[in-house]
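Architecture at a glance
If you want the building blocks of each chain, they are given just below.
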Amino acid sequence: MATKMTMTQEGYDEKQKHLQYLRTTKRNEIIERIKDARSQGDLSENAEYSAAREEQENNEREIAELEAILKNATIMNTPIRTDCVAFGSTVTIYDDIMQLEEVYTLRGSTEADTRNNIISVDSPLGVALFGKKVGDSVTVNTPNGGSYTVVIRKIQ
């Protein structure tokens, strides 16, 4: 039995759009590169052909992964409430020691994107924040056995 993946409607739509791109545009681009490489002759020593075939395999693997994620997706409605941190919340936190304020959005693990401050509700920070309220001091346990504390300043 496949594991259900919890995600927002926005995340689901983004993955659907990316899947469509991989199935059409990218797949066709790779096919063209393979055709061009084949026309150059001996395939056994053709680096362009080997690279295009490898890219094709990677593309097909990514397509299969996205199809599985989308097939097993459970769409979670984002919260209307702002009284506590929930799935889909955008949370502003402050770290006294680092003197740093950060804003994170909590989503499902398949939507996590740390470059854009989107974290999984299953991540150490996500677990620590979940269910907490503005003003709460939250201890985050890190995978290496350490911990740090942040204060919730705002929930959107």
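The preceding data block contains the structure.
Quick summary incoming for the structure in this document. (Residues numbered from 1 in each chain as written. Predicted model: local features only at pLDDT ≥ 70, side-chain atom pairs only at ≥ 80, totals over all residues. Heavy atoms only, no water.)

**Regarding the packing of aromatic side chains**
Here a ring pair, both rings aromatic, is described through the centre-centre distance and the interplanar angle of the planes. Using the criterion set out here, one finds zero aromatic pairs in the structure. One residue, Arg 153, lies across the ring of Tyr 94, its end atom 4.0 Å from the ring centre. (Phe/Tyr/Trp six-rings, centres within 6.5 Å; stacked < 30°, edge-to-face > 60°. Lys NZ or Arg CZ within 6 Å of the ring centre and 35° of its normal.)

**Focus on the pairing of strand β6 (residues 137-141)**
Remember that side chains alternate between the two faces of the sheet whenever the strand is regular. Of the two faces of β6, only the one carrying Val 138 and Val 140 is buried; Ser 137, Thr 139 and Asn 141 on the other face are not. Here β6 folds back onto strand β7 (residues 147-155), and the loop between the two strands holds five residues, one of which, Gly 145, carries a positive phi near 95°. (Buried < 20%, exposed > 50% of the residue type's maximum accessible area, 1.4 Å probe, protein only. Helix = DSSP H or I, 4+ residues; strand = E, 2+ residues; numbered from the N terminus. Pairing = 2+ DSSP bridges.)

**A short note on the environment of Phe 130**
One can find Phe 130 in the loop between α3 (124-129) and β6. For the pair Phe 130 and Leu 106, spaced 24 residues apart in the sequence, the C-alpha separation amounts to 8.7 Å. Look past the residues within four positions of Phe 130 in its chain and what remains in contact with it is Val 85, Ala 86, Phe 87, Leu 106 and Val 121. (Contact = heavy atoms within 4.5 Å.)

**Structural notes on the environment of Asn 77**
Its location among the elements puts Asn 77 in the loop between β2 (73-75) and β3 (90-95). Through-space distance from the C-alpha of Asn 77 to that of Glu 102 is 24 Å; in sequence the pair is 25 residues apart.

**As for the side chain of Thr 8**
Relative to the assigned elements, Thr 8 resides in the loop between β1 (5-7) and α1 (9-38). By relative accessible area, which is 2% here, Thr 8 ends up buried. For Thr 8, the side chain forms a polar contact with the main-chain nitrogen of Gly 11, separated by 3.0 Å. (Polar contact = N/O pair within 3.5 Å; in protein donor to acceptor, adjacent residues only side chain to side chain.)

**Concerning the pattern of salt bridges**
Tallied over the full model, the rule gives eight salt bridges. A salt bridge links Glu 10 to Arg 107; its shortest N-O distance comes to 2.7 Å. Taken as a pair, Glu 10 in helix α1 and Arg 107 in strand β4 (residues 100-107) lie far apart in primary sequence, 97 residues in all. Judged by relative accessible area, Arg 107 falls into the buried class, the value being 8%. The shortest N-O distance in the salt bridge between Glu 101 and Arg 153 comes to 2.7 Å. (Salt bridge = Lys/Arg side-chain N within 4 Å of Asp/Glu carboxyl O.)

**So, helix α2 (residues 47-71)**
Compared with an ideal rise of 1.5 Å per residue, which puts 25 residues at 36 Å, α2 spans 36 Å between its outermost C-alpha atoms and is within 8% of the ideal. On its buried side, α2 packs onto β1, α1 and β2. (Expected span 1.5 Å × (residues − 1).)

**Here we look at the nonpolar core**
One finds Val 85, Val 91, Ile 93, Leu 106, Leu 125, Leu 129 and Ile 152 to be the most contacted residues of the largest nonpolar core, which totals 16 residues. When residues of this core are traced back to their parent elements, those giving at least two are β3, β4, α3, β6 and β7. Each residue touching Leu 106, except ones within four places of it in the same chain, is listed here: Val 85, Ala 86, Phe 87, Gly 88, Ser 89, Val 91, Ile 119, Val 121, Gly 126, Leu 129 and Phe 130. (Core = buried A, V, L, I, M, F, W, Y, C linked by side-chain atoms within 4.5 Å.)

**A look at the side chain of Asn 59**
Relative to the elements of secondary structure, Asn 59 occurs in helix α2. Accessibility expressed as a relative area gives 2% for Asn 59, which makes it buried. Residues in contact with Asn 59, not counting those within four places in the same chain, are Leu 22, Lys 26, Arg 27 and Ile 30.

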